[in-house]
Amino acid sequence: MQGQASRRNFLLSAGALAALSAKAIASDSCDVFTPAQTSGPFYPGERAFGLDTDLTVVNGSSRRALGQVIYVKGRVLDAQCRPIEGANVEIWQACASGKYNSPKDPNPAKLDPNFKYWAETFTNKDGEYMFKTIRPGAYPAASDWDRPPHIHVKVSKLGSKELTTQMYFKGDPLNDVDFIIQDLDPAERDSVIVDFSPSPVGFEPGSLMGSFEMKLQQVRRS
Ligand SMILES: [Fe+2]
């Protein structure tokens, strides 16, 4: 019975995702390459490789990560705006308190033992990916600088230039005073700030969903 319910939920999710993707394709402008941004000092040294894209549950635990549940989905495109199949997409981020799972992180905030902090996946034939995670907390980068909530992303695929970038949340006031965001030109800035809204039927009730599309540059041939 439980199997049937989860299969139904999966089918609902897949149908809802297809409808959302069609909408995203119709509204693409696709004239801006996704800007490279620093990977920061907290790229995880130890990663549990696997294709589990749900960061809100750690294997073997019945407890959930703290924070607002979100889905981050989107497509990876090549320089001609064609979907890239089989691109490796990694994300890493702070937990809801703003703490990274890194010994280099000096933030005194508490780690969330029920959060996964890093995950990877591969794009499907339509260039699509999706992660279930939580909205990360802001954190201090210097005495006069708080980083806005953001998710680090690395994308790689043979034939395209590897991209390391960061994704932000539309409407967060810290976006307007963040040195890294403000360093981007306006079109690039718009391309990495994502508008989240309530997830459609079939996804976790109360969750939010946003679409982050990434366009990769082609590797130059000599
Ligand atoms: Fe960061």
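Predicted model, so just to flag it, every value in this text is computed and none were measured. (Residues numbered from 1 in each chain as written. Predicted model: local features only at pLDDT ≥ 70, side-chain atom pairs only at ≥ 80, totals over all residues.)

Draft legend 1. Layout of the overall build of the protein. A tally of regular secondary structure across the protein gives three helices and twelve strands. Across the 222 residues in the protein, those meeting the buried criterion constitute 32%. Long-range contacts, defined as pairs at least 24 residues apart, comprise 75% of the intrachain contacts of the protein with a sequence gap of at least 6. (Helix = DSSP H or I, 4+ residues; strand = E, 2+ residues; numbered from the N terminus. Buried ≥ 20, exposed ≤ 12 C-beta atoms within 10 Å, placed from the backbone. Contact = placed C-beta atoms within 7 Å.)

Draft legend 2. Region of the structure containing the confidence of the model for the protein. Confidence in the prediction for the protein averages 88 pLDDT; 86% of positions are at 70 or higher. Counting contacts from residues 1–12, a segment whose pLDDT is below 50, to residues more than four positions away or on other chains yields three contacts. Across residues 14–27 the pLDDT falls below 50, and counting only partners more than four positions away or on other chains, this stretch makes twelve contacts in the model. (pLDDT = per-residue confidence, 0-100.)

Draft legend 3. Representation of the nonpolar core within the structure. With 39 residues, the main nonpolar core has Val 72, Val 76, Val 155 and Met 167 as its most contacted residues. Among residues more than four places away in sequence, those in contact with Met 167 are Val 72, His 150, Ile 151, Val 153, Val 192, Val 194 and Phe 212. (Core = buried A, V, L, I, M, F, W, Y, C linked by C-beta atoms within 7 Å.)

Draft legend 4. A look at the sheet that holds strand 2 (residues 88–92). One open sheet accounts for five strands, arranged 3-2-7-8-9; its pairing is mixed. Of all the strands in the sheet, just strand 3 (118–122) and strand 9 (193–194) have a single pairing partner and so form its edges. In terms of strand pairing, strand 8 (residues 163–169) meets strand 9 through two bridges, oriented parallel. Note on strand 9: the bridge partner recorded for Phe 169 is Val 194. (Pairing = 2+ DSSP bridges.)

Draft legend 5. Spatial organisation of the pairing of strand 1 (residues 69–77). Strand 1 sits mainly inside the fold: nine of its nine residues count as buried. Across the two faces of strand 1 the burial is the same, with Val 69, Tyr 71, Lys 73, Arg 75 and Leu 77 and Ile 70, Val 72, Gly 74 and Val 76 all buried. When strand 1 meets strand 4 (residues 128–134), the two strands line up antiparallel, connected through seven bridges. Looking across to strand 4, one finds that Arg 75 is bridged to Glu 128. Two elements, strand 1 and strand 11 (residues 208–211), share four bridges in a ladder whose sense is parallel. Paired with Tyr 71 across the two strands is Met 209, which belongs to strand 11. In this sheet, strand 12 (residues 214–215) lies alongside strand 1 in parallel orientation, the contact comprising two bridges.

Draft legend 6. Layout of unusual backbone geometry. Despite not being glycine, Cys 81 has its phi angle at roughly 65°, a positive value. Counting through the fold element by element, Cys 81 comes out in the loop between strand 1 and strand 2. Here Cys 81 falls in the partly exposed class, since 15 other C-beta atoms lie within 10 Å of it. Located in the positive-phi region is Tyr 117, a residue other than glycine, with phi close to 70°. Within the secondary structure, Tyr 117 is located in the loop between strand 2 and strand 3. Judged by the 24 C-beta atoms lying within 10 Å of it, Tyr 117 falls in the buried class.

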